[in-house]
Every structure is written in C-alpha cells, then in structure tokens.
Amino acid sequence: MGVAIMPSVYIKTYGCQMNERDSEAVAAQLAAKGYTLAPSEAAADVILLNTCSVRDMAEQKAIGKMQNIAAEVRKHRPSVVLGFMGCMAQSRGQQLLDQLPEVSLVVGTQKFHRTAEYLDEIFQGKRKKIVDVGTEAGSEAAIKEHLPLSQKPIAPVTAFVSIMQGCNQYCTFCIVPFTRGEERSRTIPDILEECRQLAQNGAKEITLLGQIVTSYGKRDIPLREGRSAFVQLLEAVHELEGLERIRFTSPHPKGYGDDLVEAYRRLPKLCQSAHLPVQSGSDRILKAMHRGYTRQRYLDIIKKLRQAQPGMGVTTDIIVGFPGETEEDFCQTLSLVREVEFDNAYIFKYSPRHDTPAAVMAGQVPQPVKEERNARLLTEINAIGRAHYDQRVGQTVQILVEGPSKKNPSRLTGRTRCNKIVVFEGSDRHHGQLLDLKITRAGSFTLYGDPAILNLA
Ligand code: 5AD
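Residues numbered from 1 in each chain as written. Predicted model: local features only at pLDDT ≥ 70, side-chain atom pairs only at ≥ 80, totals over all residues. Heavy atoms only, no water.

Novice: Requested: an account of the overall build of the chain, with residues and values cited.
Specialist: Helices and strands together make up the secondary structure of the chain, namely 13 helices and 19 strands. For the chain, the C-alpha radius of gyration of 23 Å lies close to 23 Å, the compact-globule estimate for 457 residues. Seen through its principal axes, the chain has C-alpha atoms that stretch 65 × 60 × 45 Å. Looking at the 457 residues of the chain, the share that counts as buried comes to 56%. In the chain, of all internal contacts separated by at least 6 residues, the share reaching a separation of at least 24 is 72%. Roughly 20,000 Å² of accessible area belongs to the chain as shown, and the carbon and sulfur atoms make up 53% of that amount. Side-chain charges in the chain split into 58 positive and 52 negative, and the spacing between the mean points of these groups amounts to 2 Å. (Helix = DSSP H or I, 4+ residues; strand = E, 2+ residues; numbered from the N terminus. Rg over C-alpha atoms; globule rule 2.2 N^0.38 Å. Buried < 20%, exposed > 50% of the residue type's maximum accessible area, 1.4 Å probe, protein only. Contact = heavy atoms within 4.5 Å. Areas by Shrake-Rupley, 256 points an atom, 1.4 Å probe, with all protein chains shown as cover. Lys, Arg positive; Asp, Glu negative; His and termini not counted. Charge placed at Lys NZ, Arg CZ, Asp CG, Glu CD.)

As structure tokens, this is what we get:
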C-alpha cells in the first residue's frame, strides 16, 4: 500500500498574542498528526483563519479575506478545505457556514485541539461540514504544544505560554467573556512543565498569556502569605533554570495588588514592563465601562510600580468614543495620558459588539467624533513616546537578541527589559544572547544601538 501524502495546512491569524499562541498550538497538533505546514495559502490544501472579534473591523477583515480566498483560491483548486477558528468562529458559529457556503469547518475557542480530528473526518469523507462551538471542560489546558525546533527557521529565544482562558469581568464594551467563556486556569505544575521544556529548548524569555492574567487561579489556588495565585505562579516560573526573563499580558488594574507590585522588586527575572489597559481617564466612563477602578486608583498603581522599578516601561489600551463620552471625559483621558507618560498606547475607536450592554447604551458617539478624538490622542501619545525614546539615546541597555529584524533582515533585533524594540548590526553569534547595547538613535517606537560590551557568559 502506498503512503498517503498528508494534506498541508496554512493558518492565518488575526488579533492578539493569545490568538497567535492558539494558532501555533493548532499547527503543532496538526504537524504531530502528520499534516504538513504550508508556507502560504497558495500552496495549502487547508486554509484556516484564526479570527478576532474584539472590534467589528477585525471580523469584517477575516470575512473579506475568506470571501477572497473562496473566489480566488477555490476557483483554481476546488478541493481546498476552508475553515474559521477562534473568537469569531465562537461568536458566529453556524451563521458563518450559512453566509459562506465554501467554508466547511468552524472551530470555537474551546475546541482548537479538535481541529486535526475534524479535518481527518472531512478528508475521510465522514462529514462535509463541521461546526463545534461548544464548551469543553479542561480545554484551558489543551493549548500547550509548540512547534518542534525542526519546524522553525531559528531556535526561538522567546516563547508564549497560555496560562488561563476566559474572563469574568464583563466590561460593558467587551465581547471576550462571550467568545472566550468563563475564567479557567491551568495548574501551576502543568504550566511549569511547559515552561521547563521551552527553557530546555533554548527559550530565555517566557511571556505568560491570558485574557486577564491577574485573575489566574483565583478560584482554585488560595492566597499564600498574602500572595495571589498569579504571584505564586510567577514565583514558581522564576525558579526555572535557564530562564532569564519573564513577562505577562494582559493584566487588569483591578488585580494589580501590592503583592504583584512587590514581585517586581523581589523577582529579578520579572521584566520592568507592564501593559496595563486603562481604557479611559474619566471616572464616569470607567464606571459605565464596568472597569472596577477609578482614575486615582490607576494612577496609584502606576506610582507604586515606578517606585518599585523606576525605569518601568508602561503601555496601555484606550478606547475613544465609548457611549456617552463627552469632550470633557475625553479631556480627562488626554490629561491622564500626559500624567502617566505612557511609553506607548494602543488606541481603539469604540465598536459596538452584539450582546454587550454598551452596544445599546444611549449617547452613541458619531464616527467623525471618534476619528477626531483618535487623531488628537494619537498625536499626544506619539509626542510622549518620542520624548521617552529620545531620552534613551546614549544609554546602555540590556537586550535579548531575538533574531533578524523584520524590516531589514541583515540586522538583528531584540527587546530591552522595558519591552522596547532595539535594532542593531550584529551576527549570528549574537542570537539568543543577553547583550548590552549603547543606544545611538531613536526612531518611531524603535531604538537603534551598537554592541557596547559583549556578554560572554
Ligand atoms: N471597541 C473598541 N475597542 C475595544 N476593545 C475591546 N473591546 C472593544 C470595543 N468594543 C479594546 C480594549 C482592549 C483591547 C484589546 O481592545 O482597549 O483592551
């Protein structure tokens, strides 16, 4: 009997780092089952879009892409299997099949690990169309596979580990509790085992991922000496040999207790950076968003973090044009941005999401007002960022060398402990090293440097 050639799969990912991580786990699971990974959609037997629902634009982009694939790729190769995975798959389910008849697979956020099994069924002709957007106990622990080193162009020095799924915060603008479900956490030993393996394979930096990592293990792991489950996890990961740096994203300000602030003092591997979404600088809007903190409480956290680590890099997410946001509310956001002096901020124009309370609130803000606030805030953020980056020129910073720069592969890139990207002229021998660089120039949210001292350790 001849050996069947296994189909090749191409996965395109939209959205956040959690989605990137989910895609990699699915790719690794498929590869383990014998599927090959296609370098592009043009060469693939299966094309999967891993989707984002956080704003309508993200959904429209993925739907447009699928329509395009259906029209272009399918025209020449009618047997190509098309599928949606992830957040939009979860929120739209069967509706996607009705809207796009060329699609045969819809896999929700608790079913990523079943993708290979469902593709097998489709290829074996057992089923033509599969939609699975159900809940599944234990699915939070199903995202743990990483592609083997043999499948990677270079051995990765940074790795992402999914520690939890879901969110119970129910911010009034946010679709995530509906697409990702209830908060569910993996166990500490399970996470440690994955981290240990990654470190053994050469990872020096690990980023712990979840929709609301500060809620990690809240229900299952009791406080120990006043320390939350999340801080206990950080301590455990910190013990791992070979690891040099730890990061996490995204935390919620509500969960940023003193134990976590203290962790930055106690745990030298914990990098001096925090992505702490503030969403608005107005107490009235924060309340309407159901954020669970005030402007003052947020400012206090930032102050404490900077007391613990003066060089702390702080970035945030901000929504402009939330229902009812007045010019005065928006000015509160502008003033908060000036007060905190964020290193960078991601600005989002409020996008109504179905089933969320804010979508039907009075006072929806007209699009031109959203655009205008977005532009004003962006100007402010860029100016503050510029000043931050310019200040770094002449300083010596430690970076972890991650690989070739995307824009110019003849250069190398890495990130400082404060999470700033640095590009420099280097060679292969720098790969994976912790390197001291002298900053020679600042670009737009990028630093340029020269190796100052070679760390030969
Ligand atoms: N509209 C606009 N931005 C949103 N975000 C979440 N939901 C919405 C929405 N409905 C933003 C928040 C969050 C980031 C990931 O996306 O700022 O922190």
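Back to the text.
Novice: Go over the nonpolar core with me, naming the residues and quoting the values.
Specialist: Core analysis: the largest hydrophobic core is formed by 71 residues, its most contacted members being Ile 163, Leu 208, Phe 230, Phe 248 and Tyr 256. Here this core gets seven residues from one element, more than from any other, and that element is helix 8 (residues 229-238). When sequence neighbours within four positions are dropped, the list of residues in contact with Phe 230 reads Ile 163, Leu 208, Val 213, Thr 214, Tyr 216, Phe 248 and Leu 260. (Core = buried A, V, L, I, M, F, W, Y, C linked by side-chain atoms within 4.5 Å.)

Novice: Run through the sheet that holds strand 7 (residues 158-162), naming residues and quoting values.
Specialist: Judged by pairing direction, the sheet is parallel, and its three strands sit side by side in the order 7-10-11 without closing on themselves. What marks the edges here is a single partner per strand, and that holds for strand 7 and strand 11 (245-249). Neighbouring strand axes in the sheet, compared pairwise and without regard to direction, differ in orientation by 25 degrees on average. Its contacts with the sheet place helix 8 against strand 10 (205-209) and strand 11, and it is angled at close to 150 degrees to strand 11. (Pairing = 2+ DSSP bridges. Axes fitted to C-alpha atoms, helices over the stretch in contact; angles between N-to-C directions.)

Novice: Give a description of the environment of Asn 344 that names residues and reports values.
Specialist: One can find Asn 344 in strand 14 (residues 344-349). Residue Asn 344 is classed as buried on the basis of its relative accessible area of 14%. Between the C-alpha atom of Asn 344 and that of Ser 104, which follows or precedes it by 240 residues, the distance is 40 Å.

Novice: Outline the site of the ligand, supporting the account with residue identities and numerical values.
Specialist: Taken together, Val 54, Arg 55, Phe 173, Gln 279, Asp 317, Ile 319, Phe 348, Lys 349, Tyr 350, Ser 351 and Arg 353 make up the full set of residues near the ligand. Gln 279 has a polar side-chain atom sitting 2.6 Å from an oxygen atom of the ligand. One of the backbone N or O atoms of Ser 351 is found 2.8 Å from a nitrogen atom in the ligand. Contact with the protein chains covers 87% of the free accessible surface of the ligand, which is 400 Å². Considering only residue class, the shell around the ligand consists of five nonpolar, two polar and four charged. (Near = heavy atom within 4 Å. Polar contact = N/O pair within 3.5 Å; in protein donor to acceptor, adjacent residues only side chain to side chain. Nonpolar A, V, L, I, M, F, W, Y, C, P; charged D, E, K, R; others polar.)

Novice: If you had to explain the pairing of strand 10 to someone new, which residues and values would you point to?
Specialist: Among the five residues of strand 10, five are classified as buried, and the element is accordingly described as predominantly covered. Burial of the side chains of strand 10 extends over both faces: Glu 205, Thr 207 and Leu 209 are buried on one face and Ile 206 and Leu 208 on the other. Across five bridges, the pairing between strand 7 and strand 10 is parallel. Across the sheet, residue Val 161 finds its bridge partner in strand 10, namely Leu 208. Chirality of the crossover, the property in question, places the unit of strand 10, helix 8 and strand 11 among those that are right-handed. (Right-handed = clockwise from strand over helix to strand, strands pointing away.)

Novice: Explain the packing of aromatic side chains to me, using residue names and the numbers behind them.
Specialist: The tally for this structure, following the rule as stated, stands at nine aromatic pairs. When the ring of Tyr 35 is compared with that of Phe 123, the centres are 6.5 Å apart and the planes differ by 50 degrees; the resulting orientation is tilted. Taken together, the positions of Tyr 35 in the loop between helix 1 (17-32) and strand 2 (36-37) and Phe 123 in helix 5 (residues 115-123) put the pair 88 residues apart, joining distant regions of the chain. Note on Phe 123: relative accessible area 36%, which makes it partly exposed. An angle of 50 degrees between the planes, with centres 6.4 Å apart, marks the rings of Tyr 298 and Phe 342 as tilted. One end of the pair, Tyr 298, is in helix 11 (residues 295-308); the other, Phe 342, is in the loop between helix 12 (327-340) and strand 14, with 44 residues separating them in the sequence. Pair check on accessibility: Tyr 298 and Phe 342 agree, each one buried. Seen from the ring of Tyr 14, Lys 12 lies directly overhead, with NZ or CZ sitting 5.3 Å from the centre. The ring of Tyr 448 has Arg 441 lying over it, and the distance from NZ or CZ to the ring centre is 4.0 Å. (Phe/Tyr/Trp six-rings, centres within 6.5 Å; stacked < 30°, edge-to-face > 60°. Lys NZ or Arg CZ within 6 Å of the ring centre and 35° of its normal.)

Novice: So what's going on with unusual backbone geometry? Residues and values would help.
Specialist: Note that the residue after Thr 249, namely Ser 250, is joined by a cis bond; omega there is -10 degrees. Mapped onto the elements of the fold, Ser 250 is located in the loop between strand 11 and helix 9 (258-266). Within the chain, His 290 stands out as a residue other than glycine whose phi angle is a positive 65 degrees. With respect to the helices and strands, His 290 occurs in the loop between helix 10 (283-289) and helix 11. Phi angles above zero are rare outside glycine, and Glu 341 is one such case at about 55 degrees. Looking at where Glu 341 falls in the secondary structure, it is placed in the loop between helix 12 and strand 14. Owing to a relative accessible area of 41%, Glu 341 belongs among the partly exposed residues under this scheme.

Novice: Lay out the environment of Met 88 in plain terms, naming residues and giving numbers.
Specialist: Here Met 88 lies in helix 3 (residues 86-92). Along the backbone, Met 88 and Glu 59 are 29 residues apart, and their C-alpha atoms lie at a distance of 6.6 Å. Among residues more than four places away in sequence, those in contact with Met 88 are Thr 51, Cys 52, Ser 53, Glu 59, Ala 62, Ile 63, Gly 93 and Leu 96.

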